[in-house]
Amino acid sequence: MSNWKTLLLRIGEKGPEYGTSSDFKVHIETCFGVIRREIERSGDQVSPYLLQCAEQLPHKIPLYGTLIGLLNLENEDFVRKIVESVQANFQVALDSGNCNSIRILLRFMTSLLCSKVVQPASLIVVFETLLSSAATTVDEEKGNPSWQAQADFYVICILSSLPWGGAELAEQVPDEIERVLVGIQAYLSIRKHSSSSGLNFFLKGESENSPSEKDFLEDLWDRTQSLASNGWKLDSVPRPHLSFEAQLVAGKFHELRPIKCMEPPSPPSDLSRENIGKQKHDALMRYPQRIRRLNIFPANKTEDVQPIDRFVVEEYLLDVLLYLNGCRKECASYMANLPVPFRYEYLMAETLFSQILLLPQPPFKTLYYTLVIMDLCKALPGAFPAVVAGAVRALFEKISDLDMESRTRLILWFSHHLSNFQFIWPWEEWSYVLDLPKWAPKRVFVQEVLQREVRLSYWDKIKQSIENASALEELLPAKAAPAYRYSLEEGKEKTEEHQLSAELNRKVKEKQSARDMMSWIEETIYPVHGFEVTLTVVVQTLLEIGSKSFTHMVTVLERYGQVFGKLCPDNDKQVMLLSQVSAYWKNNAQMTAVAMDRMMGYRLVSNQAIVRWVFSPENVDQFHVSDQPWEILGNALNKTYNRISDLRKDISNITKNVLVAEKASANARAELEAAESKLSLVEGEPVLGENPGKMKRLKSTVEKTGEAEVSLRESLEAKEALLNRALSETEALLLLLFQSFSAVLKERLPEPAKARSMEDLKSEDGNSSAMEVDSENGNPKKKTEIGEREQWCLSTLGYLTAFTRQYANEIWPHMEKLKLEVFSGEDVHPLFLQAIFSALQIPLQ
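The shown structure was predicted, so the numbers you read here are calculated from the model rather than taken from an experiment.

Caption draft 1: Up close: the overall build of the chain. Summing up its helical and strand segments, the chain has 35 helices and two strands in all. Each principal axis of the C-alpha distribution contributes one length, and for the chain these read about 110 × 100 × 60 Å. Split into buried and exposed, the 845 residues of the chain put 52% on the buried side. Accessible surface, the chain as shown: approximately 39,000 Å² in total, 49% of it carbon and sulfur.

Caption draft 2: Main features of the nonpolar core. Residues Phe353 and Trp427 are the most contacted members of the largest nonpolar core, which totals 162 residues. Here this core gathers at least three residues from each of two domains, domain 1 (4-263 + 276-286) and domain 2 (299-475). Leave out the neighbours within four places in its chain, and Trp427 touches Phe414, Leu418, Val446, Val449, Leu450, Glu453, Ser465, Ile466, Ala469 and Leu472. One finds Leu535, Val538, Val828 and Leu840 within the second-largest nonpolar core, a separate group that totals 100 residues.

Caption draft 3: Focus on the domain arrangement of the chain. Assigned domains of the chain: these are domain 1 (4-263 + 276-286) and domain 2 (299-475). Spacing between the C-alpha centres of domain 1 and domain 2 amounts to 31 Å. Each side of the interface is counted separately: domain 1 has 36 residues, and domain 2 has 29 residues. The closest approach of N and O atoms between Arg107 and Glu315, which form a salt bridge, is 3.1 Å. If you list the elements that add at least two residues to the side of domain 1 that touches domain 2, you get α1 (3-10), α2 (24-56), α5 (99-114) and α10 (216-229). Sort the elements by how many residues they give to the side of domain 1 that touches domain 2 and α10 lands first, with five residues. A breakdown of the residues in the side of domain 1 that touches domain 2 according to their chemical character gives 17 nonpolar, nine polar and 10 charged.

Caption draft 4: Focus on helix α13 (residues 307-323). Spanning 17 residues, α13 covers 25 Å between terminal C-alpha atoms, matching the ideal 24 Å at 1.5 Å per step. Among the 17 residues in α13, 14 count as buried, and that is most of the element.

Caption draft 5: View of the packing of aromatic side chains. What the rule picks out here adds up to 36 aromatic pairs. With centroids separated by 6.2 Å and ring planes inclined at 70°, the aromatic side chains of Trp430 and Phe445 adopt a geometry described as edge-to-face. In this pair, Trp430 is assigned in the loop between α18 (404-419) and α19 (441-456) and Phe445 in helix α19, connecting sequence segments 15 residues apart. What links up through ring pairs into an aromatic cluster is the set Phe353, Phe396, Trp413, Phe414, Trp425, Trp427, Trp430 and Phe445. In this structure, Arg107 packs its charged tip against the face of Trp164, placed 4.2 Å from the ring centre. Positioned over the ring face of Phe531 is Lys573, at 4.9 Å from the centre of the ring.

Caption draft 6: Molecular detail of unusual backbone geometry. Leu359 connects to Pro360 through a cis peptide bond whose omega is 5°. Examined against the element boundaries, Pro360 turns out to sit in the loop between α15 (345-356) and α16 (366-379). The phi angle at Lys511 is positive, at roughly 60°, despite the residue not being glycine. Along the chain, Lys511 falls in the loop between α21 (496-509) and α22 (514-545).

Caption draft 7: Representation of the environment of Ser606 within the structure. Mapped onto the secondary structure, Ser606 falls in the loop between α25 (589-601) and α26 (607-614). Considering only alpha carbons, one finds Ser606 and Glu532, 74 residues apart in sequence, at a separation of 19 Å. The contacts of Ser606, once residues within four sequence positions are left out, are Asn571 and Gln574.

Caption draft 8: Layout of the environment of Leu71. Topologically, Leu71 is positioned in helix α3 (residues 61-74). Taking the relative accessible area as the measure of exposure, Leu71 reaches 2% and is therefore buried. Each C-alpha atom of the pair Leu71 and Gly634 lies 55 Å from the other, and the pair is 563 residues apart in sequence. Every residue in contact with Leu71, bar those within four places of it in the chain, is listed here: Phe32, Ile35, Arg36, Ile39, Phe78 and Val79.

Caption draft 9: Geometry of the side chain of Thr366. Tracing the backbone shows Thr366 in helix α16. Residues contacting Thr366, with those up to four places away along its chain left out, are Ile356, Arg409 and Trp413.

Caption draft 10: View of the packing of α5 against helix α7 (residues 148-161). Here α5 crosses α7 at 35°, and the two axes come no closer than 9 Å. Helix-helix and strand crossings are classified by hand; for α5 and α7 the assignment is right-handed. In contact with Cys99, Ile102, Arg103, Leu106, Arg107 and Thr110 of α5, α7 contributes Phe153, Cys157, Ile158, Ser160 and Ser161. In the contact of α5 with α7, the residues fall into six nonpolar, three polar and two charged.

Caption draft 11: Fine view of the packing of helix α29 (residues 692-748) against helix α34 (residues 815-823). One way to put it is that α29 packs onto α34 with a least axis distance of 10 Å and a crossing angle of 30°. The way α29 lies across α34 gives a crossing that is right-handed. Contacts between α29 and α34 involve Glu731, Leu734, Leu735, Phe738 and Gln739 on the former and, on the latter, Lys817, Leu818, Glu821, Val822 and Phe823. Across the contact of α29 with α34, the residue classes break down as six nonpolar, one polar and three charged.

Caption draft 12: Molecular detail of the pattern of salt bridges. What the rule picks out here adds up to 53 salt bridges. A salt bridge links Glu330 to Arg10, with the nearest nitrogen and oxygen atoms 3.7 Å apart. Here the residue Glu330 occupies a position in helix α14 (residues 328-336), and Arg10 occupies one in helix α1, the gap between them amounting to 320 residues. The exposure class assigned to Glu330 is partly exposed, which follows from its relative accessible area of 32%. Residue classification places Arg10 among the partly exposed residues on the basis of a relative accessible area of 23%. One salt-bridge network, held together by shared partners, links Asp219, Arg223, Arg293, Arg310, Glu314 and Glu350.

Procedures and definitions
- Residues numbered from 1 in each chain as written.
- Predicted model: local features only at pLDDT ≥ 70, side-chain atom pairs only at ≥ 80, totals over all residues.
- Heavy atoms only, no water.
- Helix = DSSP H or I, 4+ residues; strand = E, 2+ residues; numbered from the N terminus.
- Buried < 20%, exposed > 50% of the residue type's maximum accessible area, 1.4 Å probe, protein only.
- Areas by Shrake-Rupley, 256 points an atom, 1.4 Å probe, with all protein chains shown as cover.
- Core = buried A, V, L, I, M, F, W, Y, C linked by side-chain atoms within 4.5 Å.
- Domains from an automatic or database assignment.
- Contact = heavy atoms within 4.5 Å.
- Salt bridge = Lys/Arg side-chain N within 4 Å of Asp/Glu carboxyl O.
- Nonpolar A, V, L, I, M, F, W, Y, C, P; charged D, E, K, R; others polar.
- Expected span 1.5 Å × (residues − 1).
- Phe/Tyr/Trp six-rings, centres within 6.5 Å; stacked < 30°, edge-to-face > 60°.
- Lys NZ or Arg CZ within 6 Å of the ring centre and 35° of its normal.
- Axes fitted to C-alpha atoms, helices over the stretch in contact; angles between N-to-C directions.
- Left-handed = near helix turned anticlockwise from the far one by under 90°.

Okay, structure coming up:
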């Protein structure tokens, strides 16, 4: 990397590039001297790289803004091009709905204002254009209120840029910035409050005067008002331009051109609940909420931090996570060394957990946050591990109120985190969960974490890790030995089924083909013993052969999968096949899930068969005490939608290739026609067409390009047929899934008159077992655990919401069919609809 690039990249950091100095002024002066000379040699390279640094290291924007301000004093033309590029990129981001670029570039333009580069009045025009678009969007008559997410985002962008330039705007254009603030207040008065879900209990602070009902925009507005009343003074944004104020004042302002905001789609002609919900969902997918703030820790942990400083630190952390997502160690290093003068470990932990638990889904996989937290614990060993442990304890105390999707993510993160730190945890603190009912969320959480740990290590190691709370061994899974029915143990009676299993085993060792084996089964076992015995013998024997490892199991399925497919051609028999797999691997949830996933991948069982098996009585009773049925159902849904996604990608790529092939074929034909129309001399005589050798080559090219085009079109038709078939199967799958949820919930939910909301269900105390549990716990004065039936209902409704939210994009195209066959029946429970509609953003009334 060139020296000037390294200087730009490392500005503001301690390192060899700037000696031992950490003074921003020294860094900016050093960088300015080098960049000024570099512009004369390769100015075309400097400008794009400088903009890239500002966009991808946005916590350094004030430093880059000041550097550009100094360059503006000597090279106005270079800086003018930078401003034009920034504005062009900003307009492209607005047109494409690139939320991160819009937010960062607006912050950058505000910072350039501080360095006397951007004209204040023109920045106000940008603010007012965004604000006008937002107000029009939520207007019932002129706009489309369903797209309030876009309007809110524009206003959030304005407010989030003010910490970087509010003081300068208030000083240079006080009336104009006041007009913008008044406009924002007016917007807040006409927009609708956005409700949060899943983490409401962490959205409020410890103070009784800190209302929990404020959404993100309302809260940011309060923080901005507090900042304004404090003279726009804050600690979290560096102000290096003040060190060069006497020089920068001589710089020439550059005007920002007017911008144009993307208009939201027109409101649907039919303002049904479903159409409004679809538009709200589309808007939230296009303009998602960046963070759902968690106040996990008591207020005294961050009492010295202004509200606006907390917001700025969150912005820094989220930006680093976003732009350095491929470099975990660099990411952790930047997060641990933000340009703020106060400690922020607690804010950092809350921000990271807010991302892990963000609904409907976090920007990155949970694994990424796991690695970052692990690296931060190693980078800050004296502070951060204790903070993370405190966050885990706080979340554990509220686990019963956590959304089921968030709870599952927390289990996966925590078990993986512990695996990186020798599985050390003070389990004795949580040993009291054994006194809780088996369905209590805290007990289930500890149980699932321990089970996941066993997957990441081995049983004896995890048993050793809980030796200070040895009673928790009760929650460990059974040792992962398969339940093989035909083992030849001493004293065990040898039946005819044992002999059949031994014979089948021998045929596998002899490497007989699947066809030969199927013939033997059809001739020897099936006619005599019937289907159930045949299936049991085949499944038990083949799974036993493949039980040594994942590789062995995959090999068996690849080699003899046809046997399963021939034995179980329909859903009814495939459900029985899955039950046999579950029975064999009953002591190993991981192998059960992997075997079923592989079977679906090899099309030995259908996704509908898996749904039917999950909702069979043997599993329904486990919905509230184990995550295993939900894991298997989630795997099946994931695989289904991954297939659809892959087909769509293939179709998109083939379509592009078809266009290229069409063009190549047309060019080849045109070249041949042009050659055929030319006159040439052959043996002194004029002949129509070029020389025969060239004509032969051109005809061959036309033939080959035509064949390539035809081949691609046939491939496209085949993929489109597969996609149509997959979409048809998906519709049937969704119908079965929601019908199954509706059926099991109808059996166990209280009458609608007694439970019309989740809160009603939590307060439902008609179940006598709940009262007995309270008495057994010696705490009759206060009900600490709800009854088993209520917990089953809450867990099942929670997973229904989670699956609906996760696969909303695939559910919407089939909404009419679902509405007709599932959602509109008279006997559909209101809570069933509430769970689905809330996930799909459909108004309940």
